[in-house]
Every structure is written in structure tokens, then in C-alpha cells.
Amino acid sequence: MIEDIRAILKEHGRLSVDAGALAVDADLYQAGLTSHASVNVMLALEGKFDIEFPDRMLKRGVFESISSIQAAVEELTAGAK
Amino acid sequence: MATQYSSEELYQNLVRHKLIIPVGVPGAFGRGAVFEDVLARFNDVVTRLAKNDGAEVMAFPPVIDRQVFEKSEFLDSFPQLAGTVFSFMGNDAQHKELSQRMHDKKPWADLQSMTGVVLNPAACYPVYPSFTGTVPAEGRLVDMQNWVFRHEPSPEPTRMQAFRVREFVRVGTPDLVVDWRNMWLQRGLELLQSLGLPARSDVASDPFFGRGGRMLAASQKEQRLKFEVLIPVISEEKPTACCSFNYHQEHFGKIFEIYTPDGALAQTACLGFGMERVCMALFKTHGCVPSEWPKSVRDILWPA
Ligand SMILES: [Zn+2]
């Protein structure tokens, strides 16, 4: 799953660094993730994992690192089963 | 007795006292002489308050360069609010068809083409291209009153399609910009309270479009980038934003290549008084006849 998240960040995150080389707990906003880019990342994650982020999860903290994104996706895919 | 709030009643009262003049389409009413006098007087009070701030005064028309509009990314955030100007650019035959279709009440929009201008979507947008380059160490401050268009037709009087904003824009280092914003947040609140208005300030978010917009709004609130001074005008629970403060961080600095002398991207913030909304808050709070307003309020707006 981490590799999928990295691929999505690469395509939609418009980061100033290589998403493939980022530590899983690195701050994505420090790495150049803008608010608008985080929306595109969110929509791409929804498409890739067939999930829908509820309003309570549409927060900056959820998209602040690869590991926080992973935790959110795991919670939502677990809920779907 | 507690004040009762009603959008419809306020609209009727404003019309009855000739403060506003209905025109058919909602949110585009005219303004009467007394309304305009109150607006001008409030504008003067703001001018007096800011007179030692060293602002450069500028005025822009109600349209902006479409390329500036496109660069601003307004459509990424608020596609539902924008109004792009289209015009006829055809030949005689097409003109004939345009007239015919209009008289036949058939659609004619496809016979117009996009022009190079867009209705101004936010009071501060026209100024940013003029900051391109390096700003002085003390930053810059601009003072404007511009017409703004928002496509949100509504019978509710405080929600207009076109309105005036008295806007100040600060550009410079983060410290300069944030200190200035904080100074005005207090000043704006005190100004409106001094006019007898039950104003309070709160953190706020912009009406971003769609699901992505809910995320943008949450992020804006979490970062405390937008504040509003709110006054109950048509509702107690949903008070009306009469003054709003936006901290854009480096958004416009990046887009329009604005730098501080140390070579860093400049930051910007703006504040705007919704002029018609302030007037309506005054009419709602003190009544539709300014000569009957409390002396303390009249003394500020009509000083001897
Ligand atoms: Zn502004």
C-alpha cells in the first residue's frame, strides 16, 4: 500500500522532493504539498482504494505524512469489509 | 424585547424606506441616496482610522485581466462564484441570428465569445500583479474600494451579486503581514462596536466548491488563515460577515513573483469591509431612519 501512496503523491502531490525517497513520517506540507494538491491526493486515494473520506477525515493531519495517509486508508478499507 | 431577525422583513424595510431599489434579478438592487450617504460616511470613518498607516490609494474597475484571474487560481477554489465576460465578435449574418434568437426568446449564448476580462471576483485581486518584483523592507500597503461580483443570486439582502469592498492589502515579510492583520482585526472589531453594532470576531473559512472544498475549508480553519467580524443582520444564529481578513501566506507571492529584500517569497494578507453589509447592519440595529440613530453613532458617522 505504501508504494501506491507514494505513486499517488508523485502524480498528484506536486512535491518539491521525490515522493519515492521520502521517509514515511516526513511532513508532506514541508515537502511542498499545498492545500489544493492535498485535495487531488485525497481524490486519487479514493479512486485507487475505492473508499470515500468522511468529512471528519478531511483534515490536514490525515494527509500530513505517508504513514498518516496509510492509517486513514487502512481504517476506511477495513470499514468497507 | 429581544431583536427579531428576518431576511424578508429586512428586505421589505429597506425597500419601503427607499434604501434599496429592486431591479428584478435578485442581489443586484440599486442603492438610494440615504444608503449611499451612510456608506460614504462609514468609508470616511475607515479613512480617518487608517490615515497614518501610509497606504497607497488605488482604484480598479469592476473587471480584471482574464490572465490575472486565471493565474490567481480562483476557478480551482470557487468555480461557482465567477462571472466571465462574453461579447459578440461575429459578422453581419451572425448578428442577424443573434437578434432573431433573442427576440424569439431562444438561447443565444453560443453566439458570444469569451473576452479578455472577467468580473472582479475579489476586491484585492487586481493589485497583486503590481507587486511583482522586490518590495521594500517595510513592505507595502494598498487601500482600495472595488466592486466585486459573486454569482450567488439570492432574495436575502446581505447576499449580493455585486457589492463594494473597502479593502486594504499588506505585502511583506510574514511578521509584518501577520502583525498588521492582528492590529486590524482588533481595530475593525472596535470600529463596528463603537457604532453600536453587536459585533464579534471568529475564525472562518471561504465557500470553497464541492467535496474537495470541504477539505480546503477545514484546512483554512485549522490554520486560522481567515477571520471575520460578524454581526447579526438577518439571523442571530448565522450572523453576517461584515469584515473579513485573509492571510494568503505565500500564495500570491509565488504566483506573481513577489519577493522581500532578503530574496524570500513575500507574504500577503488583506482585509475588507463589506460596505453594503455594514450599512445593512446599521439599518437593522438602529432602524431605517439615520436621523433617529443614537447620538453616539451619529457623532462618529457625521462628525461636526
Ligand atoms: Zn482580499
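A quick note: this is a predicted structure, and the numbers were derived from the prediction, not measured.

Across soluble globular proteins, nonpolar side chains show a tendency to be buried alongside one another. Core analysis: the biggest nonpolar cluster contains 59 residues, and L9(A), L45(A), F53(A), F63(A) and Y128(B) have the highest contact counts within it. Contributions of two or more residues to this core are made by α1 (2-12), α2 (35-49) and α3 (66-80) of chain A together with α3 (66-72), β8 (140-149), β9 (162-172), α7 (210-222) and α8 (251-255) of chain B. The element that contributes the greatest number of residues to this core is α2(A), accounting for seven residues. In contact with F53(A), other than residues within four places in its own chain, are M42(A), L45(A), E46(A), L58(A), V62(A), F63(A), A72(A), L76(A) and R211(B). One finds F163(B), F168(B), F245(B) and L301(B) within the second-largest nonpolar core, a separate group that totals 54 residues.

Moving on, we come to the side chain of D143(B). Residue and element names in this part refer to chain B. Considering the arrangement of structural elements, one finds D143 in strand β8. For D143, the side chain forms a polar contact with the side chain of R166, separated by 2.8 Å. Leave out the neighbours within four places in its chain, and D143 touches A55, E56, V57, M58, R166, E167 and F168.

Let's shift gears to the coordination of the zinc ion. Residue and element names in this part refer to chain B. Listed as protein donors to the zinc ion are C124 (SG), E167 (OE) and C270 (SG); their distances from the metal cover 2.0 to 2.3 Å. Mapped onto the sequence, the residues coordinating the zinc ion show the spacing C-x42-E-x102-C. With E167 in strand β9 and C270 in strand β14 (residues 267-274), this residue pair connects regions lying 103 residues apart in the sequence.

Before going further, it helps to spend a moment on the pattern of salt bridges. Residue and element names in this part refer to chain A. Considering all chains together, one arrives at 20 salt bridges over all chains under this definition. For the salt bridge of K48 with D4, the shortest nitrogen-to-oxygen distance reads 4.0 Å. Residue K48 is found in helix α2, and its partner D4 is found in helix α1; the two are separated by 44 residues along the sequence. Exposure remark for K48: the relative accessible area of 49% places this residue in the partly exposed category. Between K10 and D18 there is a salt bridge, with the nearest N and O atoms lying 3.7 Å from each other. The class of K10 is exposed, set by a relative accessible area of 56%. D18 sits in the partly exposed class, given a relative accessible area of 42%.

All names here are of chain B. With mixed pairing, seven strands are arranged side by side in an open sheet as β3-β8-β9-β14-β12-β11-β10. Either end of the sheet is taken by a strand with one partner, and the two such strands are β3 (56-57) and β10 (200-204). As paired elements, strand β11 (residues 226-231) and strand β12 (residues 240-249) share six bridges and run antiparallel to each other. Its bridge partner being in β12, L230 is matched across the sheet by A241. Set on the sheet, helix α2 (residues 33-49) makes contact with β8, β9 and β14; between it and β9 the angle comes to about 10°. Together, β8, β9, β10, β11, β12 and β14 form the strand contacts of helix α6 (residues 174-194), whose direction differs from that of β14 by roughly 15°.

Each partner contributes to the interface: chain B provides 12 residues, whereas chain A provides 15 residues. With both sides pooled, the region where chain B packs onto chain A buries about 1200 Å², and carbon together with sulfur makes up 57% of that total. For chain B, the biggest contributors to the area lost against chain A are R211(B), M215(B) and L216(B); these three give 52% of the whole. Our count for the chain B to chain A interface comes out at two salt bridges. Among the ionic pairs, R214(B) bridges to D55(A), the shortest N-O distance being 2.9 Å. Applying the counting rule to chain B against chain A returns seven residue pairs in polar contact (both at pLDDT 80 or more). Secondary-structure elements contributing two or more residues to the side of chain B that touches chain A are α4 (74-77) and α7 of chain B.

Taking 1.5 Å per residue, 13 residues should reach 18 Å; α7(B) reaches 18 Å between its end C-alpha atoms and fits that length. Listing the buried residues of α7(B) in full gives G212(B), G213(B), M215(B), L216(B), A217(B), S219(B) and Q220(B). Among the structural elements, α2 of chain A together with β10, β11 and β12 of chain B are those in contact with the buried residues of α7(B).

What follows deals with the packing of α2(A) against α7(B). At their nearest, the axes of α2(A) and α7(B) sit 9 Å apart, and the two run at 135° to each other. Between α2(A) and α7(B), the crossing angle belongs to the class labelled oblique. At the point where α2(A) passes α7(B), the crossing takes the right-handed sense. Facing α2(A), whose interface residues are S35(A), H36(A), S38(A), V39(A), M42(A), L43(A) and E46(A), α7(B) presents R211(B), G212(B), M215(B), L216(B) and S219(B). Taken together, the residues of the contact of α2(A) with α7(B) break down into five nonpolar, five polar and two charged.

Calculation rules
Throughout this document, residue positions are counted from 1 along each chain, in the order its sequence is written. The order in which chains are written sets their letters, starting at A; the order in which ligands are written sets their numbers, starting at 1. Two thresholds apply to this predicted model, a pLDDT of at least 70 for residue-level local features and 80 or more for giving and counting side-chain atom pairs, whereas whole-chain, interface and lining totals are computed over all residues. As a rule here, side-chain values come from all non-hydrogen atoms in the structure, and water together with hydrogens is ignored. We call a set of buried residues a nonpolar core when its members are Ala, Val, Leu, Ile, Met, Phe, Trp, Tyr or Cys and they connect through side-chain atoms within 4.5 Å of each other. Relative accessibility under 20% of the residue-type maximum defines a buried residue, over 50% an exposed one, and the middle range a partly exposed one, all with a 1.4 Å probe and only protein chains included. The way it works is that DSSP assigns letters per residue, a run of H or I at least four long becomes a helix, a run of E at least two long becomes a strand, and they are numbered from the N terminus. By definition in these notes, contact holds between two residues if any of their heavy atoms fall within 4.5 Å. For the purposes of these results, a polar contact is taken to be a pair of N or O atoms within 3.5 Å, where, inside protein, one atom must be able to donate a hydrogen and its partner to accept one; residues adjacent in sequence count only when each atom of the pair is a side-chain atom. Because water is not among the atoms used, a metal site may look incomplete, as its donors are only the N, O and S atoms within 2.8 Å, or 3.2 Å for Na, K and Ca. Each reported salt bridge corresponds to a side-chain nitrogen of Lys or Arg within 4 Å of a carboxyl oxygen of Asp or Glu. Two strands pair if DSSP finds at least two bridges between them. Between N-to-C directions, angles span 0 to 180 degrees; the directions come from axes that are lines fitted to C-alpha atoms, helices contributing only their stretch in contact. By convention, the term buried area covers the 1.4 Å-probe accessible surface removed from two parts as they join, with the contributions of both added. Working rule for helices: expected span equals 1.5 Å times residues minus one. Each angle gets one of four labels, with under 35 degrees taken as roughly parallel, over 145 as roughly antiparallel, 65 to 115 as roughly perpendicular, and the rest as oblique. Handedness of a crossing follows from how the near helix is turned relative to the far one, being left-handed for an anticlockwise turn of less than a right angle and right-handed for a clockwise one. Each residue gets one label: Ala, Val, Leu, Ile, Met, Phe, Trp, Tyr, Cys and Pro are nonpolar, Asp, Glu, Lys and Arg are charged, and the others, such as Gly, are polar.

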